[in-house]
Amino acid sequence: MKKKLLFLSIIISSLLLFNACDYNESNFPGLDDLAQSKDITTYEYTVTDADISTIVKGLYANKDATDSAMAKYLNTNKVFSVSAPASVTIPYLLKSMYYGANKGTSANITYKYKTGTASYYALTSADYTSVWGNDIVKALTPTHSPNTVLPSLLNTKYPSVTEGDVRIAEYQYSAIEPTSTPTEMIGFLDDFEAYTAGSGIAVPNDNLYVINKDLIGTYFWQCRSYNNNKYAQATSNKSTTQNEIWMITKQIDLSATDNANFTFDVTVGYYNADCLTVLVSENFDGTESGIQTATWIDVTSNFTLPQEPASGYGTLGTAGIMDFSAYAGKKIYIAFKYTGDDSGTVKKTTTYQLDNIKVTYNKVVVTVPTTETRFAYYRYENGTWNLISKSFYQLTADDYTTMGVTRLSATTAPNYLPALLKLKYPFAQEGDSKIAVYQTSSTANNADEYIYKNGVWTPLSLVETRTDQFVFSGWDVNGWVFDPTLRVTMKKGLNPTDDYMMLVNYVKETYGTTYPTVLGYYGTSLQSEYYYGASGYYGNISLRESDRLKDPSYAALTTAEEKAAFLEARTQEGLAVYLALKFPDAQPQVSGIDVYAYVTTAIYDGTTTSTYIYKYQRMDNENLKWKYIESTKQ
């Protein structure tokens, strides 16, 4: 009986609790929602190494190849980059930190971002050969200009480059194009002055000769000296035997010519017989045993060999010049064969002295008169290597003496270069940059970029501090997502990718032919445009009357009100064009959030320069990519 009463009591209690919940919801709508916090706040946080470990764990948990690659990169480098973008990875951290956030809550997250890698590349002989199609010219010139050659070369050398990477290129440059000059080239030359001379000293088998050998007796071609001149000499005098002495040159390459000549000087002593034969072979293998098996062509008749005097020595002179065009395109050996006999009563012991053995040919040589070492700074942006204007300083011999070192390395350079740059540039201004080029060996250089900050030259690490905003869109949607709002401050500069110059070049391409007066040059350098008023040199948008009158549309206006409205409309239009150029891949929405952009720009009214912030919204419209919203003066 007690068990039945207990069971009944539980049922009644449950019904009362259920009815009470229905009652509250029915009579006080929204009560449950009020019980939950609706605070929307903005968090501020700076990412630490420990936080990166949290992100890495979250990425690995997905077991996705892309996420695993980002996790590996973050775990190794402890810094965000294009390989591990903060917009994708930081939400893993926010999920664990602000899991109780309400929809609409935002978080401004500060983190370290590596904009790219930097390395030094010096063009090689092979690079110049690929440019010119020959191995002679070792420089770039106006027709093979650095601006044309280097981006293409860097694409080849660095196929796995990533956004923001920097390459500093070293190359030789000639302002004068190569010239073609017929030049006498040496195929073979020996004046015997490099050898030790004396009785019984053989002409050595070295880089000029492969054979110096008597195939019958024990004699050889000697290196002798008379009247301060060295020469080769062969004779059978006093040998008491027969002699067959071969002196054979190294292989002579005539494959690149069709006009070679062969000559040598000769004199004889105590002539009693013709003992010298000059031979040429195309198939000799360079060995002693190969002498007998090779095919030798006797070319002695092309020369005049003296047959006097019978007593004493004649005068050294040319034996003549043989046209070697028959051997064009071939590789040959030349042999000087002395055949003598001192074994019987009939002597063949004439002494022969040879000097200045030479094979020459004419070749049209392409050369540049002088070259100079130059440097270029390229950054990889939007799939292209862009030339960035930078100031270079190449260390001199005096600099190394001042520092007390002979060379620097990537490791030791930071210990010396800040002090050296301080000495070289005592009036440097905040933010100035300098590329210091230093020797790492007798034949190689390296370079590092330094920035002048707070009175100190600091090496540029390509790691910068960034702050991005993330918003909580609700767990039922995408959770924490990157706020896609774009914020950019336009900066001056004359490089094509500098902000104001992007507009200048756009106007040149779009309106320059129709309205040439809207382009502003300094000498031959395009620096400004007066359609929108952008100036790369000054880094502003000019509203000055004298500038804008160069635009025929503006010049046609008559009232101040019309001109003011025109200038504002053109500025709004110009900045919309700039955003389309700056962010060509921007989307109207990211994770369901509309994309806005804030452009900070300098406006010059002819007297003063003021800072304005223009707000735009990215539109899903082919013609209207960015819609102007509002602007404020700072």
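Figured I'd write up the structure that's included with this text. (Residues numbered from 1 in each chain as written. Predicted model: local features only at pLDDT ≥ 70, side-chain atom pairs only at ≥ 80, totals over all residues. Heavy atoms only, no water.)

Glancing now at the nonpolar core. Formed by 41 residues in total, the largest nonpolar core has its most connected members in Trp221, Met247, Phe262, Phe264, Phe324, Ile334 and Phe336. Elements that contribute at least two residues to this core include exactly strand 8 (229-234), strand 9 (242-249), strand 11 (261-269), strand 12 (276-281), strand 14 (317-323), strand 15 (331-341) and strand 16 (351-367). In terms of residue count, strand 16 provides more of this core than any other element does, five residues in total. The next biggest cluster of nonpolar side chains, apart from the first, holds 30 residues, and it includes Tyr500, Leu503, Tyr511 and Leu575. (Core = buried A, V, L, I, M, F, W, Y, C linked by side-chain atoms within 4.5 Å. Buried < 20%, exposed > 50% of the residue type's maximum accessible area, 1.4 Å probe, protein only. Helix = DSSP H or I, 4+ residues; strand = E, 2+ residues; numbered from the N terminus.)

Next up on the list: the packing of aromatic side chains. Tallied over the full model, the rule gives 34 aromatic pairs. Ring centres of phenylalanine 284 and tryptophan 296 lie 5.4 Å apart, and the angle between their planes is 45 degrees; this geometry places the pair in the tilted category. On the criterion of sequence distance, the pair formed by phenylalanine 284 in the loop between strand 12 and helix 8 (290-293) and tryptophan 296 in strand 13 (residues 296-298) is long-range, its members being twelve residues apart. Here the two residues phenylalanine 284 and tryptophan 296 agree in accessibility, since each one is buried. Aromatic side chains tyrosine 616 and tyrosine 628 sit 5.7 Å apart centroid to centroid with 70 degrees between the ring planes, which places their arrangement in the edge-to-face category. With tyrosine 616 in strand 33 (residues 609-618) and tyrosine 628 in strand 34 (residues 626-633), this pair connects stretches of sequence that are twelve residues apart. Judged by its relative accessible area of 26%, tyrosine 628 falls in the partly exposed class. Three or more aromatic residues joined by ring pairs form one cluster here, namely Phe262, Phe264, Phe303, Phe324, Tyr327 and Phe336. Here arginine 466 stacks its cationic end above the ring of tyrosine 113, 3.8 Å away from the centre of that ring. Seen from the ring of tryptophan 626, arginine 618 lies directly overhead, with NZ or CZ sitting 6.0 Å from the centre. (Phe/Tyr/Trp six-rings, centres within 6.5 Å; stacked < 30°, edge-to-face > 60°. Lys NZ or Arg CZ within 6 Å of the ring centre and 35° of its normal.)

As a further point, take the sheet that holds strand 18 (residues 384-388). What the four strands build is an open sheet, ordered 3-4-17-18; its pairing is mixed. The open sheet has two free edges, formed respectively by strand 3 (118-122) and strand 18, since each of these has just one partner strand. Adjacent strand axes in the sheet meet at a mean angle of 30 degrees, parallel and antiparallel pairs treated alike. Examined bridge by bridge, strand 17 (residues 372-381) and strand 18 share five bridges and lie antiparallel to one another. Of the residues in strand 18, the one forming a bridge with glutamate 381 is threonine 384. (Pairing = 2+ DSSP bridges. Axes fitted to C-alpha atoms, helices over the stretch in contact; angles between N-to-C directions.)

Right, let's get into the pattern of salt bridges. Across all of its chains, the model carries 13 salt bridges by this definition. As a salt-bridge pair, lysine 347 and aspartate 342 come within 2.9 Å of each other at their nearest N and O atoms. Close ionic contact of arginine 570 with aspartate 551 constitutes a salt bridge, the shortest N to O distance being 2.6 Å. Here aspartate 551 lies in the loop between helix 12 (545-548) and helix 13 (552-555) and arginine 570 lies in helix 14 (residues 560-582), a separation of 19 residues in the sequence. (Salt bridge = Lys/Arg side-chain N within 4 Å of Asp/Glu carboxyl O.)

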